[in-house]
Amino acid sequence: MSQHDGRLFVVCVSPGLEFVTEEEVRQKFDPSEVKIKTGLVIFATKRDLGDVLGQLYSVDDIFAYLGCIDDLVTDDKEKGLDMIAEAVKILPHWDEAIQIWKESTNEKKDKPSFRASAYRTGKHAYNSEDVEGSVGWGVIERCGWPVKLKGHDTEVCCYIHENTATLGLSIGARALYWRNRHRLGHTTLKTSVAYAMCVLARLSPYDVVVDLCAGVGTIPIEAKRAWPDIHCIAGDITKENVEATRENAAHTNSSIDVVLWSALTFPLLRRDSVDKVISDLPFGVRHGSFQKNQTLYHHIFKNMTYWMRDGGLAVLLTIERGLIARLVQAHKCWKIVALHNIKMGGLAVAV
């Protein structure tokens, strides 16, 4: 992206949901350029920095874009790490990224402390710690910044997918996927994924939206905050999660109906009363089992069929692709209109 108009950013997303973030970026920021990589979206915009930091809901992290290293050596440790260190020193957008960092933090230091972090997918002759050392050395050579592993002023992050490295300079808060929650659960869904599911549900004003297995309320809270005119019902089987959902809803001033129920014995909502169901269904990995899911998912489909209006839509996050396909085939009123495979927490799941 050597030719661009505006500030350059790179944002991290769950692999498989890059298209949701691209759409969000195009709708909100009128970008002059957008580039998609696995788990990353790079874009240029003239919009206010505060808007970029505060209005992107489908992303995990936001960085000022430094540049990419292509054709990375992956099968020779010494050559690969030397290549990274040398390339870091001549990344094309250092000056712009540093300016964005200063603007976002109101920091005036010429030599801020930093740490390097690396994240890899694919086979490499080196590990992530090796990459962090090479990135750190390149930053020291280029900027003269001191290393500080804790309490640092900024962070240089390197994302390697196969033989391409993408680097960014941290701006604002990290780990945006924990936003809007006061209490967390045992298997809490990322808010970024929850928002993406709501986008896929094509929510409209006055929709009645149900989360069958709400956990701590991540999906209904994201839905209500982005689409305030909808009516959300969140249910879960444990009192602890119901209390956590109520706390999180109060923390975010989100008006949500929260109920205690079992997915096996849902309260009888009126027939044809629900427009959308958006749920992160139990995988049977950390809780339950694949065998229990056979019964659980059957009851879920039975109740959804009774509740849903004609033209209703269910957006379900699950690892049980085959089971969902069989249930759709058994309930003739349903059909799969889209299947998105995503990577989440090391698991290959589907929406």
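Just above sits the structure.
Residues numbered from 1 in each chain as written. Predicted model: local features only at pLDDT ≥ 70, side-chain atom pairs only at ≥ 80, totals over all residues. Heavy atoms only, no water.

Visitor: An account of helix H7 (residues 218-226) is requested, with residue identities and associated values reported.
Guide: With seven of its nine residues buried, H7 lies for the most part within the structure. When H7 is considered as a whole, its buried residues turn out to be Thr218, Ile219, Pro220, Ile221, Glu222, Ala223 and Lys224. Elements that come into contact with the buried residues of H7 comprise helix H6 (191-200), strand S8 (208-211), strand S9 (231-236), helix H8 (239-251) and strand S11 (274-280). (Buried < 20%, exposed > 50% of the residue type's maximum accessible area, 1.4 Å probe, protein only. Helix = DSSP H or I, 4+ residues; strand = E, 2+ residues; numbered from the N terminus. Contact = heavy atoms within 4.5 Å.)

Visitor: So what's going on with the side chain of Thr318? Residues and values would help.
Guide: Tracing the backbone shows Thr318 in the loop between strand S12 (308-317) and helix H10 (321-330). Among the polar contacts made by the side chain of Thr318, one reaches the side chain of Tyr297 at a distance of 2.9 Å. Polar contacts involving the side chain of Thr318 include one to the main-chain amide nitrogen of Glu320, which spans 2.8 Å. Excluding residues within four positions of it along the chain, Thr318 makes contact with Phe283, Tyr297, Ile324, Val349 and Ala350. (Polar contact = N/O pair within 3.5 Å; in protein donor to acceptor, adjacent residues only side chain to side chain.)

Visitor: Could you give an account of the pattern of salt bridges, with specific residues and numbers?
Guide: As enumerated under the stated definition, the model contains 14 salt bridges in all. With a closest N to O distance of 4.0 Å, Glu141 and Lys89 form a salt bridge. Residue Glu141 is located in helix H5 (residues 128-143), and its partner Lys89 is located in helix H3 (residues 77-89); the two are separated by 52 residues in the primary sequence. Under the relative-accessibility criterion, Lys89 is labelled partly exposed at 25%. (Salt bridge = Lys/Arg side-chain N within 4 Å of Asp/Glu carboxyl O.)

Visitor: Tell me what's going on with the side chain of Ser117, and back it up with residues and numbers.
Guide: With respect to the helices, strands and loops of the structure, Ser117 is situated in strand S5 (residues 114-121). Under the relative-accessibility criterion, Ser117 is labelled buried at 4%. One polar contact links Ser117 to Glu155, side chain to side chain, over a distance of 2.3 Å. In this structure Ser117 touches Glu132, Glu155, Val156, Cys157 and Cys158, once residues within four positions along its chain are discounted.

Visitor: Which residues make up the sheet that holds strand S1 (residues 7-12), and what are the values?
Guide: Across the sheet, seven strands lie side by side as S2-S3-S1-S4-S7-S6-S5; this open sheet has mixed pairing. At either margin of the open sheet sits one strand with a lone partner, and together these are strand S2 (33-37) and S5. Averaged over neighbouring strand pairs, the angle between their axes works out to 30 degrees when direction is ignored. Note: S1 against strand S3 (residues 40-45), six bridges, orientation antiparallel. Paired with Val10 across the bridge in S3 is Ile42. (Pairing = 2+ DSSP bridges. Axes fitted to C-alpha atoms, helices over the stretch in contact; angles between N-to-C directions.)

Visitor: Which residues make up the sheet that holds S8, and what values go with them?
Guide: Pairing in this open sheet of five strands is parallel, and the strands run S10-S9-S8-S11-S12 from one edge to the other. If you trace the sheet from one side to the other, it starts and ends with strand S10 (257-260) and S12, each paired once. On average, each strand axis in the sheet is inclined to that of its neighbour by 20 degrees, with strand direction left out of account. Of the pairings in the sheet, the one linking S11 to S12 comprises six bridges and is parallel in character. By the bridge assignment for S12, Asp280 is matched with Leu317. In the packing of H8 onto the sheet, contacts are made with S9 and S10, and the angle to S10 comes to roughly 170 degrees.

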